[in-house]
Amino acid sequence: VCPMLDARHDHVWCAAYTPGADKPALRLAPELRALDEWLPMLEEWAAARPAHSRFLFLGDGADAHWDRLVQRFGSRALRPPVGFRTLRSAAVAALGAMRLKAGEADDPARLVPMYLRQSEAERKWTARNRSPS
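Residues numbered from 1 in each chain as written. Predicted model: local features only at pLDDT ≥ 70, side-chain atom pairs only at ≥ 80, totals over all residues. Heavy atoms only, no water.

What about the pairing of strand β1 (residues 2-6)?
Moving on, step 1. Pairing between β1 and strand β4 (residues 55-58): 2 bridges, direction parallel. Bridge assignment links P3 to a residue of β4, and that residue is L58.
Moving on, step 2. Summarising the sheet, β1 and strand β2 (residues 11-18) pair through 3 bridges and their orientation is antiparallel. Directly across from M4, in β2, lies its bridge partner C14.
Moving on, step 3. Linking β1 back to β2 in an antiparallel pair, the connection comprises 4 residues, with R8 at a positive phi of about 65 degrees. (Pairing = 2+ DSSP bridges. Helix = DSSP H or I, 4+ residues; strand = E, 2+ residues; numbered from the N terminus.)

Description of the side chain of T18
Moving on, step 1. With respect to the secondary-structure elements, T18 resides in strand β2.
Moving on, step 2. At 2.9 Å, the side chain of T18 and the side chain of R27 are in polar contact.
Moving on, step 3. Setting aside chain neighbours within four positions, we find T18 in contact with P24, A25, R27, W45 and R49. (Polar contact = N/O pair within 3.5 Å; in protein donor to acceptor, adjacent residues only side chain to side chain. Contact = heavy atoms within 4.5 Å.)

Here is the structure:
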């Protein structure tokens, strides 16, 4: 299972998991990656899997780059039906419930967002307002 969020400019926030009895097993850590970096990593991982293995791609990143995924993985690349392609917040709640059940928890007061990069508006503002050197 490969969730992919389109981060624009040929980048994706992506990871890879294998289904497990209780929870998915992480295979490639979630990270912001250039698509040209991600695909070879995924191919290397796929090469170690049995030939009949399939790869389920989810999220708007999979939709945005579907043609390239099919070029690389052929019939091994799968997408769910349209109504099930979007990553859903309910999945985050389900994963949180699994963590609580396992005795894992976070202090909500200490949670902070993890910004991967400046927004496009911030980058443009910085470029316009850069002081001459």
